[in-house]
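Analysis of the macromolecular model
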Amino acid sequence: MAIFHIDHKLVDFDRWLTLFAAGAPRREIEAAHGVETIRALRNTLDDNHAIAVLRAETRAEVDAMLGDARLRDRFADRSLFAEPPRIIAGFDLTDLEPYEIGENPAFFVEHHLADFETFRGRLLARKKISGIKPIKLLRDIEDPY
């Protein structure tokens with residue numbers, strides 16, 4: 001199972017979130033394509049910029065969902081979307097699962113690594129002594145280093 005981040009440039013975040021949270025027809029479309037939304041994130045610097053975090057087996061399932069005619073019609077609504085959503089990242093889950101879900105602020109820190117396994121080992125050792133708690137370690141499915 002992989003995690004995908006879908007970038008949303010919106011006209012009205014609150015209206016989008018109301019429709020998105022209502023789930024219809026989103027949940028039906030997701031189920032038809034083997035995709036599940038696990039979180040919606042709002043950019044703290046741009047109120048109309050959001051990322052939907054999805055779980056799926058493959059990128060092809062997410063691509064098929066985003067190509068669904070019902071979603072394409074919704075994405076064409078310029079009173080809601082400034083531009084159509086797009087996949088900006090796909091990641092494999094790692095062994096920092098599970099994590100506690102809460103209201104804690106989170107930051108994405110992107111690392112360009114020479115050796116993922118060495119980094120992972122050092123991160124797991126360091127998390128025991130620092131005040132920062134990594135909640136997810138995601139590995140890019142297109143660039144595993």
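Quick note: structure is the one above.
Let me begin by describing the structure that accompanies this report.

The rules we used
Residues numbered from 1 in each chain as written. Predicted model: local features only at pLDDT ≥ 70, side-chain atom pairs only at ≥ 80, totals over all residues. Heavy atoms only, no water. Buried < 20%, exposed > 50% of the residue type's maximum accessible area, 1.4 Å probe, protein only. Helix = DSSP H or I, 4+ residues; strand = E, 2+ residues; numbered from the N terminus. Arc of directions from axis to C-beta. Contact = heavy atoms within 4.5 Å. Pairing = 2+ DSSP bridges. Polar contact = N/O pair within 3.5 Å; in protein donor to acceptor, adjacent residues only side chain to side chain. Core = buried A, V, L, I, M, F, W, Y, C linked by side-chain atoms within 4.5 Å. Phe/Tyr/Trp six-rings, centres within 6.5 Å; stacked < 30°, edge-to-face > 60°.

Among the residues of helix α3 (residues 59–66), Val 62, Met 65 and Leu 66 are the ones counted as buried. All buried residues of α3 fall inside an arc of 95 degrees around its axis, so they share one side. Elements in contact with the buried residues of α3: β1 (2–10), α2 (26–33), β2 (35–42), β3 (49–56), α4 (69–75) and β4 (81–92).

In this sheet, β3 lies alongside β2 in antiparallel orientation, the contact comprising seven bridges. If you follow Ala 40 over to β3, its bridge partner there is Ala 52.

Glancing now at the environment of Arg 42. Inspection of the secondary structure assignment puts Arg 42 in strand β2. Look at Arg 42 and you get partly exposed, because its relative accessible area is 37%. For the pair formed by Arg 42 and Ala 52, sequence separation is 10 residues and the distance between their alpha carbons is 8.9 Å. Looking at Arg 42, its side chain comes within polar contact range of the main-chain oxygen of Asp 47, at 3.0 Å.

What follows is about the nonpolar core. Grouped together as the largest cluster of nonpolar side chains are 21 residues, with contacts concentrated most on Phe 4, Ile 6, Trp 16, Leu 54, Val 62, Met 65 and Leu 66. Counting residues per element, the ones that place at least two in this core are β1, α1 (13–22), β3, α3, α4 and β4. Ignoring anything within four residues of it in the chain, the contact list for Leu 66 reads Ile 6, Leu 71, Arg 72, Phe 75 and Ile 87.

Quick look at the packing of aromatic side chains now. A complete count under the given rule lists three aromatic pairs for this structure. Judged by centre distance (5.6 Å) and plane angle (45 degrees), the ring pair of Phe 13 and Trp 16 falls under tilted. Note that Phe 13 and Trp 16 are positioned in helix α1 at a spacing of three residues, about one turn of the helix. Of the residues examined, Phe 13 reaches a relative accessible area of 7% and is grouped as buried. Judged by relative accessible area, which is 3%, Trp 16 ranks as buried. A ring pair is formed by Phe 75 and Phe 81, whose centres lie 5.3 Å apart and whose planes are at 80 degrees; its orientation type is edge-to-face. When its relative accessible area of 2% is taken as the criterion, Phe 81 is described as buried. An aromatic cluster is built from Phe 13, Trp 16 and Phe 20, whose rings are joined through pairwise contacts.

Turning to unusual backbone geometry, a few remarks are in order. In this model, Ala 24 is joined to Pro 25 through a cis peptide bond whose omega is 0 degrees. Topologically, Pro 25 is positioned in the loop between α1 and α2.

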